[in-house]
Amino acid sequence: MRLKTALWGAAAAVAMTPVMAYADAHEGERGRDGEVRVIYWQAVSIMNPFLSGGTKDIEGASLVLEPLGRYDQDGNLVPYLATEIPTVANGGVSEDLTTITWKIKPGIKWSDGSDFTSADVVFTAEYCMDPEGGCAQLAKFEGVKSVEALDDLTVKVTFKEPKPNPYLPFMGGQSPILQAAQFADCKGARAPECTEENFNPIGTGPFVVTDFRPNDVITMEANPNYREAGKPAFSRLVLKGGGDAAAAGRAVLETGEYDYAWNLQLAPDVIEAMAAAGKGKPVSAFGTLVERLEMNLTDPSPDLPEGERSTLKHPHPILSDGRVRKALSIAIDRDLLVEVGYGQAGRATCNLVPAPENYASDNTECMPQDIERAKALLEEAGWTDTNGDGVRDKDGKKLSLLYQTSVNAVRQDFQALIKQWWQEIGVETELRAIDASVYFGGDPGSPDTFQRFYADVEMYANNFDGTDPEAYLAAYTCDKVPSPETQWQGENINRFCDPAYEELLAELGRTGDLDERGRIAKQLNDMVTKDSDVIVGLVDRGRVSAHSNTLGGVILNTWDSELWNAADWYRIKE
Amino acid sequence: MTEPVIHNPVGAAQAARLPEKARSQWRDVWDQFRTHKGALTGLGFFVFILLAVIVGPLLWDIDPKYIDIRARNSGPSLAHPFGTDQLGRDTLARMIAGGRTSVSVGLMAMALSLVLGTFIGVLAGYFRRLDGLFMRFTDLFLALPLLPLLLVIILLFRDALRSAFGPEAGIFILIVGVIGITSWMQTARIVRGDVLALKEREFVLAARSIGTPSRRMITRHILPNVMSPIMVSATLGIANAIITESALSFLGLGFPSDFPTWGRLLFDSTDYLQQYPERVMWPGLAISLTVLSVNYIGDGLRDALDPRIRGR
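So, how was this worked out
- Residues numbered from 1 in each chain as written.
- Chains lettered and ligands numbered in written order.
- Predicted model: local features only at pLDDT ≥ 70, side-chain atom pairs only at ≥ 80, totals over all residues.
- Heavy atoms only, no water.
- Helix = DSSP H or I, 4+ residues; strand = E, 2+ residues; numbered from the N terminus.
- Expected span 1.5 Å × (residues − 1).
- Buried < 20%, exposed > 50% of the residue type's maximum accessible area, 1.4 Å probe, protein only.
- Salt bridge = Lys/Arg side-chain N within 4 Å of Asp/Glu carboxyl O.
- Disulfide = S-S within 2.5 Å.
- Axes fitted to C-alpha atoms, helices over the stretch in contact; angles between N-to-C directions.
- Parallel < 35°, antiparallel > 145°, perpendicular 65-115°, else oblique.
- Left-handed = near helix turned anticlockwise from the far one by under 90°.
- Contact = heavy atoms within 4.5 Å.
- Buried area = accessible area lost by both parts, 1.4 Å probe.
- Polar contact = N/O pair within 3.5 Å; in protein donor to acceptor, adjacent residues only side chain to side chain.
- Nonpolar A, V, L, I, M, F, W, Y, C, P; charged D, E, K, R; others polar.

**Student:** Would you explain helix α11 (residues 409–424) of chain A in this entry?
**Tutor:** In an α-helix, one turn spans 3.6 residues; hence positions three or four apart end up facing the same way. Residue and element names in this part refer to chain A. With 16 residues, α11 extends 23 Å between its outermost C-alpha atoms, agreeing within 8% with the 22 Å of an ideal straight helix rising 1.5 Å per residue. Summarising burial for α11: twelve of the 16 residues are buried, a large majority. Note on α11: the residue one or two positions beyond its end, G426, has a positive phi of about 85 degrees.

In structure tokens:
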């Protein structure tokens, strides 16, 4: 227990470093701190993120290549190569939401000494959107009509239709800027053939590749032309790849051979045991991945004819009542679930959209656990235990639920715990665990997929890409209900249908102002969680990485590359 | 009067010529079985396991599904002699409850596959006309990919059985049935082979020459003589059934996840192998010792049932 407290303390201290980093002025000449060693247990195989969808490649490349703007640890937009983030308010985004105009910081140089101009930005768009090339980040350029250079330092992106979230091209580690001069002959079908360019791209970032061994070690040196004086603090960076998460964790936390280990997907007590060696500390950050319970609003009874089970034709006999859903939700002790299943890599939540800050509702309605209130709600809904067998009933029907999820040790523990809490409030639960490849397989012929939802309650985790939740929230409309007509495809797993929700969603699609978007998104989130308990959030699952005690300036970021601020890293002197 | 002196220097070593009690065949079998130490130990252990899972819950009345989260991950103590698992459930209670399921699945599935296998094997071996048909049928079953077959069977019948018998009994019937009908083929082949050889033996010819009907021929002459391979495959069958059941649980097709069986306990505790090795040991020991004891019993029975070995 004491160890745990200490870890939380460490995490809290790390979370506060940004403030301190500026305060205690780690400044000096570039390259003063020598070498920094980073280990990625998935090895980097290419330095061009447009040719690889792999997170590890995107993050490796982020040390060299930079976008116009990045997301910070809270999901806010921060200008990098641009002077500011264009918005409707500052005139960078047009009123009709069809164009966005970026202004580039003057005086930025590539690592080879040449000037960075708008031509490079335009070239990058052409490179990725080339119809002959298979660009891995094409989604970032979806709906882009044209990208043009207005002058040397101004780029205008025009979309085919109004885009309430125009921050896709040139934003974040997935779409950095390539140097036009270097990649001029590498467009379209020739892109993968340019091995030299793809392994040693010229960039504007804090480091330059000196030796690239695919799937093994990459050696980098500080970029002599980096735009900020005195950064990076390290003259050399070694990015080692390979092994597994446990080995990487050991190398940083137990032996201290490396300074930074990426994405430690390990059981909480395993990480705790490693951290006890005292060479480094685990840090966690939270994205949008939420482990949740989904309530079925339609009747999954096997007595119904095939094709009518779990469809809108039959409302659920028990869960259609909001009071029952609320009771089931508040009977759960989320903090205990976090402790048992995720430790530092989780935090309790009631939300569907837990982050970024701008979109996260302050809803904590489901916490803390309240068994008595849950019982009262069930009584109020007419469910009483008339025959004294411990299970409530109403009109001769038992309050009995089938609760399914995928096969996974943590999920099975959650099932057992939740079953016991529900038993305390008089709800009988039957558990079912389905092989993950079947459960998430989406085969329309299988009755066991999560979309088919032949159960009363189910549990899984889901998240959304990027920082904008619009597409994610758009899943809960009537036309996205999985049914036999749609081959059981669709994202509205709960079969939630509310015209008011759809109206508000349409409003979100018309709104460009970020604060206003945040307000609407929070309201939508509350409609499916707090107000109706159709989606019962359990745990917000984060990511855990680790850095050594002597590496300062690390801010874990789940919205962009983890190495996004490597320029600010420094060695803590003892 | 003095009693006549009988001059018999080796009298003490000779069996007194008392009127012999009629000895039943099963007594002979038991006498022979007793001489096999391993078999006797095995039988003892198996009876112990049976008693533990039948009477155990009466003596150790902690609910195996009850979660006492404050007592989680605790080592052996008086309150929990085998310790508790990651959710604070009592391991001893779960071992007993798990044994109940595993042993009954093992026994029932073995019995089912044995009956099926022997039936098909004997008929195929004894009646030439049925041979081709039955053996091709066996080949057909052998060639079927087991896992997809199980998936289909479970998908088709799970909901029907669940509503008819309840979730746990329904799944029990399903699992026993599924394991039974997918593991009889080896028994059938072995039995057929032995029956083919036996059929040509003199005593069978002799029996046939006095007009013994086929039904009696099989029950009286053939079956007792193929008992040994049947016994061996039976013992292997129990082990196999226990293991198949845990494999099914692993795929999420077996019993509900909170319903303990030895296989599931083993599977759940592999994640904690480094921190709490004893959790793997208990179910692992239970499975292997049960299988071993059944194997020894089978070995002893085989010897005891074979009249050529008996008495040596």
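**Student:** Just to check I follow, could you spell out the pattern of salt bridges for this structure?
**Tutor:** Opposite charge on two side chains lets them pair, provided their charged atoms get close. In this structure the tally under the stated criterion is 41 salt bridges over all chains. Here the residues in one salt-bridge network are K326, E365, R373 and D533 of chain A, joined through shared partners.

**Student:** Could you clarify how one ought to interpret the state of the cysteines in this entry?
**Tutor:** As used in these notes, a disulfide is a covalent bond between sulfur atoms, one from each of two cysteines. Residues and elements named next belong to chain A. Following the criterion strictly, the structure yields four disulfides over all chains and no others. Between the sulfur atoms of C478 and its disulfide mate C497 the distance is 1.8 Å. Looking down the S-S bond of the C478 and C497 bridge, the torsion is 135 degrees, so its handedness is right-handed. Of this pair, C478 sits in the loop between α13 (470–473) and α14 (499–510) while C497 sits in the loop between α13 and α14, and the two are 19 residues apart along the sequence. On the accessibility criterion, C478 (33% relative accessible area) is partly exposed.

**Student:** Would you take a moment to explain the packing of helix α8 (residues 322–330) of chain A against helix α10 (residues 371–380) of chain A for this structure?
**Tutor:** When two helices pack together, you describe them by how their axes are tilted relative to each other and by the distance separating the axes. All names here are of chain A. At their nearest, the axes of α8 and α10 sit 8 Å apart, and the two run at 165 degrees to each other. As the angle between them shows, α8 and α10 are arranged roughly antiparallel. For the crossing formed where α8 meets α10, the hand is left-handed. Taken together, the residues of α10 that come into contact with α8 (itself represented by R323, V324, K326, A327 and I330) are R373, A374, L377, L378 and E380.

**Student:** So what exactly am I meant to see when it comes to the interface of chain B and chain A here?
**Tutor:** Interfaces are frequently sized by the accessible area removed from exposure as the parts join. Taken residue by residue, the interface counts 22 residues in chain B and 25 residues in chain A. In total, about 2100 Å² of surface goes out of reach between chain B and chain A, with carbon and sulfur atoms giving 49% of it. At the junction of chain B and chain A, the tally comes to one residue pair in polar contact (both at pLDDT 80 or more). Of the residues in the side of chain B that touches chain A, the class split is ten nonpolar, four polar and eight charged.

**Student:** Could you clarify how one ought to interpret the environment of A233 of chain A in this entry?
**Tutor:** Residue and element names in this part refer to chain A. Turning to its location among the elements, A233 is positioned in the loop between β8 (217–222) and β9 (236–241). For A233, a relative accessible area of 2% corresponds to the buried category. When the C-alpha positions of A233 and V36 are compared, they lie 9.5 Å apart, and in sequence the two are 197 residues distant. The contact partners of A233, leaving out residues within four places of it in the chain, are G31, R32, D33, G34, A567, W569 and Y570.

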